[in-house]
Structure formats: C-alpha cells, structure tokens
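# Chains, contacts and geometry: an overview
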Amino acid sequence: MKRALAWVAVLAFLLPTALSAQTNASKPWTLSWSDDFSGPVLDSSKWVYDIGAKKWGNAELEYYTDRPENIALKDGMLVITARQEKTVDADHVTWNYTSARIKTLGKFSQSYGRFEARMKLPAGQGMWPAFWMLGDNIEKVGWQQCGEMDIMENLGKEPSIIYGTIHGPGYLGEGGLESHYTLPGGKRFSDDFHVFALEWEPETIRFYVDDNLYVTRTLADIPAGKKWAFDHPFFLLLNLAVGGDWPGNPDATTAFPQTMLVDYVRVYQKSSR
C-alpha cells in the first residue's frame, strides 16, 4: 500500500509536466502578429487601403473606398460592407457598387507560419469575400512571379463552400491549384463565424477550416517545369468583391448591403520549443 501511494505521488508530480509537453506538441506556434480590431478605427500601423476599381482584373464591379460606410470597426470586429450605390471615379467612370479592400503591404510580411482569421461571410449571387496573401516582392516582379495563396475565397452563390488555392508562374487564374471545403449538414458560412487558416512550411502548404485539414499542397503538386513561388515573405489581404469572372454578377436575388465580419487575424511562427 505504501508503495502504491508512493507511485500515486510520483504520477501526481509528473502529470502536469506530461500534459504541458503534450500541449506544447499540439500547439507548435508562437504568435508573431495580430489584429483583434478592438480600436475605434483601423490600425494604420498594420493596414493600408486599396482605393479604386478595375486595377486588379477579374472584371469586378465594385469601387473600393476607405469610407466608414464601407469599412469600419464595430463591437471589436472589422466590418466590410458592399453597397449598391453609384460613385464616379477620377476618370469620370460610374461604378454601381462600393466595398473595401485592405492589405499589410509595407507594414507586415512573413515567410512561413500559420495565418488565420475568424470570419463570418456574406451570401448572395455575385458576392466574393476573400482572405489571402501575395508575395511582398509583387511591385518588383509582378503578380505571376510573386505568388498568391488564397486562404479563403467564397462565391456567394455557393454559401456552404469555400476555396483554398495557390497561384504562381504557369499555374495562375483558372490553372491555380485549387481545392474546396463544404460545411456539413447544409450549413452556410453566413450563418456563423468560422476560422480559416493556412499553415506554410518550406515546400508544404496546408489549408484548414475550423482546424479541419482539407488539402495539403507540396512542391510535387507544381506543374512540371514551373517554379515554386512560396519561398519568400508574403503580406495579407482582406476584401469583399462584387461580381467578376468567377462569381458572376449580382442579380435580382442579391440583397444589399452585404457584410463581411472579421473577428481577428493572427499570424504565428513555428515555435522553437
């Protein structure tokens, strides 16, 4: 009996250490950058606005602004709102929709790690919300060469499906390496918040929804003779597009305004522990 009690004492001493080791093994990431959107306005030390329209291809219909009607912080969340309203740009072109797009270019970029956001998406024909990354050398080498990782894209006409894709030179646009995740039970991404994440290591990229791993991309997936474009720092983007070649344009069934909510964005590095 005394020996048994002695072993109980030893186990009681070792158990917290064992649990701690297990926790560290299951959470190998250290936070390196984040935004919980808790301030009164968007943090200009972390984000910059993209303003305008027709600069990024895709035949999108929106004009991106920095107006509070299109982008604001409310109740500890980033709120991006797409509206059906006319605006005239500097070239006297009239646009019928407004929305917002922000990025961390020039503020933050990182090679490798875990990149995640907790979001609630809009729904409706023509809506195109996205959480994604571009190589921070884009202004030097251009879009194809810099690489693109789409952590989450959704087509409003497919409210239960999100897409995760990588693009690079020779596998871009429709030729990108794409996969998708479908919510079970007919649930919609506009019904509740979900965590969209990408884990990026040398020659490996993993895509998650709510910690469900749904596709892994590796160097072996790249078309023969093409370049792996994911070996340098990338920056983050968040936007809500309206219309375009892929989602199609809004129609009579589409209700406006449409809102994309972002609870937080967090970036981690691989822990050395």
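The preceding data block contains the structure.
Residues numbered from 1 in each chain as written. Predicted model: local features only at pLDDT ≥ 70, side-chain atom pairs only at ≥ 80, totals over all residues. Heavy atoms only, no water.

## Some points on the overall build of the chain
Of the regular secondary structure elements, the chain holds 3 helices and 17 strands. Classification of the 273 residues of the chain by burial places 48% in the buried group. A sequence separation of at least 24 residues applies to 70% of the contacts in the chain between residues at least 6 apart. Surface accessibility of the chain: about 13,600 Å² in total, with carbon and sulfur atoms responsible for 52%. (Helix = DSSP H or I, 4+ residues; strand = E, 2+ residues; numbered from the N terminus. Buried < 20%, exposed > 50% of the residue type's maximum accessible area, 1.4 Å probe, protein only. Contact = heavy atoms within 4.5 Å. Areas by Shrake-Rupley, 256 points an atom, 1.4 Å probe, with all protein chains shown as cover.)

## Some details on the pattern of salt bridges
Under the criterion given, the structure shown has 12 salt bridges. The partner of aspartate 36 in a salt bridge is arginine 266, and the shortest N-O contact between them spans 3.7 Å. Highlighted residues: aspartate 36 in the loop between β1 (29–35) and β2 (48–50) and arginine 266 in strand β17 (residues 258–270), separated in sequence by 230 residues. Exposure remark for arginine 266: the relative accessible area of 26% places this residue in the partly exposed category. Between glutamate 199 and arginine 206 there is a salt bridge; the shortest N-O distance is 3.0 Å. Using a relative accessible area of 15% as the deciding quantity, one classes arginine 206 as buried. Each of Arg114, Glu116, Glu199, Glu201, Arg206, Asp211 and Lys270 takes part in one network of salt bridges that share partners. (Salt bridge = Lys/Arg side-chain N within 4 Å of Asp/Glu carboxyl O.)

## Examining the sheet that holds β2
As summarised here, the arrangement of the 7 strands in space is β2-β7-β16-β9-β10-β11-β12, forming an open sheet in which the pairing is antiparallel. Looking at strand neighbours, the two that pair on one side only are β2 and β12 (177–182), the edges of this open sheet. Sheet twist, expressed as the average angle between the axes of neighbouring strands with direction ignored, equals 20°. Both strand β7 (residues 101–103) and strand β16 (residues 234–242) contribute to a ladder of 3 bridges, which runs antiparallel. Across the sheet, residue isoleucine 102 finds its bridge partner in β16, namely leucine 238. (Pairing = 2+ DSSP bridges. Axes fitted to C-alpha atoms, helices over the stretch in contact; angles between N-to-C directions.)

## Observations concerning the side chain of serine 160
Here serine 160 is to be found in the loop between β10 (148–153) and β11 (161–167). A polar side-chain atom of serine 160 sits 2.6 Å from the main-chain carbonyl oxygen of lysine 187. Setting aside anything within four residues of it in sequence, one finds serine 160 in contact with Tyr181, Thr182, Leu183, Gly186, Lys187, Arg188 and Phe189. (Polar contact = N/O pair within 3.5 Å; in protein donor to acceptor, adjacent residues only side chain to side chain.)

## Looking at the environment of valine 215
Considering the arrangement of structural elements, one finds valine 215 in strand β15 (residues 212–218). Each C-alpha atom, one on valine 215 and one on histidine 180, is 8.1 Å from the other, the two residues being 35 residues apart in sequence. Excluding anything up to four places from it in sequence, valine 215 contacts Ser179, Ile205, Arg206 and Phe207.

## Digging into the packing of aromatic side chains
A ring pair, where both rings are aromatic, is described by two values, the distance of the centres and the angle of the planes. Going through the model one piece at a time under the given rule, you end up with 15 aromatic pairs. Seen from their ring centres, tyrosine 181 and tyrosine 214 are 5.8 Å apart, and the 50° between their planes marks the pair as tilted. Of this pair, tyrosine 181 sits in strand β12 while tyrosine 214 sits in strand β15, placing them 33 residues apart in sequence. This pair shows no difference in class: tyrosine 181 is buried, exactly as tyrosine 214 is. Linked through ring pairs, Tyr112, Phe115, Trp200, Trp228, Phe230 and Phe234 together constitute an aromatic cluster. When the ring centre of tryptophan 56 is taken as reference, the NZ or CZ atom of arginine 101 above it lies at 4.4 Å. (Phe/Tyr/Trp six-rings, centres within 6.5 Å; stacked < 30°, edge-to-face > 60°. Lys NZ or Arg CZ within 6 Å of the ring centre and 35° of its normal.)

## With respect to the nonpolar core
If you look at the biggest cluster of nonpolar residues, it comprises 51 residues, and the most contacted ones within it are Leu78, Met119, Phe230, Leu238 and Val265. Here the element with the most residues in this core is β16; it accounts for 5 residues. Grouped together as the second largest cluster of nonpolar side chains are 7 residues, Leu105, Ala130, Trp132 and Cys146 included. (Core = buried A, V, L, I, M, F, W, Y, C linked by side-chain atoms within 4.5 Å.)

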